[in-house]
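Here are the chains, one letter per residue:
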Amino acid sequence: MIVRARTVVTMDGPAIDNGAVVVSENRIVDVGKVDEIKTRNPGEAIDLGEQALLPGLINAHCHLDYTCLRGKIPSQKSFADWIRAINAEKAKLTADDYVASITEGFAEAKRFGTTTIANLTAFPELISQIREPIHTWWFAELIDVRAPGRANELVDLVRRRTDSLRRAINSVKSAPNWGLAPHALFTASNNLYRCCEEVAQQKNILLTTHLAESREEMELFRDASGALYEFLKSIGRPMDDCGSKTPLELFLAATAGRGLPNWIVAHLNELVDGDFELLEKSKTQFHIVHSPRSHDYFGHSRFPFERLRALGFNICLGTDSLASNENLSLFAEMRAFQKKFPAVSSEEILQMVTVNPAMALHHESVLGKICRGAHGDLLAMPLSGGDMIEEIIAFTGEPWMMVGGQIQ
Ligand SMILES: [Zn+2]
């Protein structure tokens, strides 16, 4: 199948005016000027006319579990209050509600041009009930911080932790692409982070976590104070890791820095100068996801994009969940980013939802760009003759789409 468009934005070199892409089964087999393509590839061409054709977008951080919580949680006074509010909403949901929520989320993400998603789920046992319409990395979200109780219950607690990790792995590993997501330093123990790293090394999978998201998380760990500290203490979390180190220091200690390229780290809004020095010294790097609209919803500290970019970090965009965002559009996410960081070029912003997340998923040769051998995941939207990439970012409709070689 040949698809011709006014311009092919390959994200793999300069855009091709009057270009065409050849897709066979689920892969791109040729790309170039339409005349050359037609000489090399006989057959009918679909002409999309005055449109830009680009690779399908990649959402690097999302929780489709909570699609049904859109608009349910008004912005709260503190991050701890938000956690209380989402826990109260979650308590009302059944397994069927979650399946419906995830299914609805997939449909919405796809409608907005997303063809690959890194999705955290707290319910890996539900994955088998869901047919993903787009490429999906399922990350089993793991939480093990609970009231430790009496000392003689600790052995039992460790056993239960190991059992629940094993159960989560058994459920999630049926997915073609899977990984593990120890939720955050304040909900997952050091031991759990270490176990996840071991599994990642053995099974060659990816890991993701939330890190240094809120000012309260910084206060909790560095100062042993604040609303999140008080909340976690009140539910009986062991607080002996609080009062000296920053979240980043604790994360690097928990992971021992070995498998950092396997990690996709969400947020990183709260970093102090010492953290940047640590990042500069580190021989390997993790990947970073920023969620501009969820960030605005919470009123977090400014995301230190420029400093992280200067250190060479691979930075991606994600929507986070609809418990803190209004929809799953990566176009809206790009616009929110652009508003905050007007000096960043539109090309660089588009990379944050294409080639950058493809690299974070270790699939940079087949996702996020239009080249021979890549997945047949394409989008197209009309052009009116202005700055092309600006027009793409400003796009608010539903694009023409091909997913896995199939026109949608
Ligand atoms: Zn998240």
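Structure: above.
My aim in this report is to walk through the structure given alongside it, one point at a time. (Residues numbered from 1 in each chain as written. Predicted model: local features only at pLDDT ≥ 70, side-chain atom pairs only at ≥ 80, totals over all residues. Heavy atoms only, no water.)

## A few points about the coordination of the zinc ion
So, point 1. Here the zinc ion is held by His61 (NE2), His63 (NE2), His210 (NE2) and Asp320 (OD), and the distances to it run 2.1 to 2.6 Å.
So, point 2. Classification of the site at the zinc ion as irregular follows from its four donor atoms and the range of 88 to 167° in their angles at the metal.
So, point 3. Written as a sequence motif, the donor arrangement for the zinc ion is H-x1-H-x146-H-x109-D. Within this pair, whereas His63 is found in the loop between strand E6 (57–62) and helix H2 (79–90), its partner His210 is found in strand E10 (residues 206–211), the two being separated by 147 residues in sequence. (Donors = N, O, S within 2.8 Å, 3.2 Å for Na, K, Ca; no water. Tetrahedral: all angles 85-135°; square planar, octahedral: opposite > 155°, others 65-115°. Helix = DSSP H or I, 4+ residues; strand = E, 2+ residues; numbered from the N terminus.)

## Here we look at the side chain of Asn119
So, point 1. Relative to the helices and strands, Asn119 resides in strand E7 (residues 114–121).
So, point 2. The exposure class assigned to Asn119 is buried, which follows from its relative accessible area of 0%.
So, point 3. A distance of 2.7 Å separates a polar atom in the side chain of Asn119 from the backbone nitrogen of Leu64.
So, point 4. Once residues lying within four places of it in the same chain are set aside, the contact partners of Asn119 are Cys62, His63, Leu64, Thr136, Trp137, Trp138 and Phe139. (Buried < 20%, exposed > 50% of the residue type's maximum accessible area, 1.4 Å probe, protein only. Polar contact = N/O pair within 3.5 Å; in protein donor to acceptor, adjacent residues only side chain to side chain. Contact = heavy atoms within 4.5 Å.)

## Considering unusual backbone geometry
So, point 1. Of note, the phi angle at Ala224 is positive, near 50°, even though the residue is not glycine.
So, point 2. Along the chain, the position of Ala224 falls in the loop between helix H6 (215–223) and helix H7 (227–234).
So, point 3. Even without being a glycine, His267 presents a positive backbone phi close to 95°.
So, point 4. On the secondary structure map, His267 appears in strand E11 (residues 263–267).
So, point 5. Classification of His267 as buried rests on a relative accessible area of 4%.

## Concerning empty space enclosed by the protein
So, point 1. Under the criterion given, the structure shown has two cavities of 30 Å³ or more.
So, point 2. Computed from the structure, the largest cavity encloses a volume of approximately 50 Å³.
So, point 3. For the largest cavity, the full set of lining residues is Ile28, Pro55, Gly56, Ile58, Thr115, Thr116, Val366, Leu367, Gly368, Lys369, His375 and Asp377.
So, point 4. Split into classes, the residues belonging to the lining of the largest cavity amount to five nonpolar, five polar and two charged.
So, point 5. Empty space within the second largest cavity amounts to approximately 30 Å³.
So, point 6. In terms of lining, the second largest cavity is formed by His290, Pro292, His295, Asp296, Arg302, Phe303, Lys340 and Phe341.
So, point 7. In terms of residue count, the dominant contributor to the lining of the second largest cavity is helix H10 (residues 292–298) (three residues).
So, point 8. For the lining of the second largest cavity, the per-class residue count stands at three nonpolar, two polar and three charged. (1 Å grid on protein atoms, 1.4 Å probe; cavity = no way out; pocket = protein on both sides within 12 Å on 5 of 7 lines; lining within 4 Å. Points joined across faces, edges and corners; volume = space filled by probe spheres on them. Nonpolar A, V, L, I, M, F, W, Y, C, P; charged D, E, K, R; others polar.)

## Side note on the pattern of salt bridges
So, point 1. A complete count under the given rule lists 19 salt bridges for this structure.
So, point 2. Residue Asp81 is joined to Arg84 by a salt bridge in which the shortest nitrogen-to-oxygen separation is 2.8 Å. One end of the pair is Asp81 and the other is Arg84, both in helix H2 and three residues apart, which spans about a single turn.
So, point 3. For Lys92, the salt bridge identified is with Glu89, shortest N-O distance 3.3 Å.
So, point 4. Judged by its relative accessible area of 16%, Glu89 is buried.
So, point 5. Each of Arg6, Asp17 and Glu50 takes part in one network of salt bridges that share partners. (Salt bridge = Lys/Arg side-chain N within 4 Å of Asp/Glu carboxyl O.)

## Things to note about helix H3 (residues 95–111)
So, point 1. The end-to-end C-alpha distance of H3 is 25 Å, a good match for the 24 Å that 17 residues give at a rise of 1.5 Å each.
So, point 2. Taken together, the buried positions of H3 are occupied by Tyr98, Val99, Ser101, Ile102, Gly105, Phe106, Glu108, Ala109 and Lys110.
So, point 3. Against H2, E7, strand E8 (135–142) and strand E15 (400–403) lie the buried residues of H3.
So, point 4. Just downstream of H3, Gly113 is the residue with a positive phi angle, here 90°. (Expected span 1.5 Å × (residues − 1).)

## Describing the pairing of E8
So, point 1. Burial runs high along E8: seven of the eight residues are buried.
So, point 2. Bridging between E7 and E8 involves six bridges; their strand directions are parallel. If you follow Asn119 over to E8, its bridge partner there is Trp138. (Pairing = 2+ DSSP bridges.)

## What to know about the nonpolar core
So, point 1. Ranked by size, the top nonpolar core spans 102 residues in total, and within it Leu180, Phe251, Phe286 and Ile392 carry the most contacts.
So, point 2. Among the elements that make up this core, the one with the highest residue count is H2 (six residues).
So, point 3. Excluding residues within four positions of it along the chain, Phe286 makes contact with Leu248, Phe251, Leu252, Leu260, Trp263, Val265, Leu268, Leu279 and Phe313. (Core = buried A, V, L, I, M, F, W, Y, C linked by side-chain atoms within 4.5 Å.)

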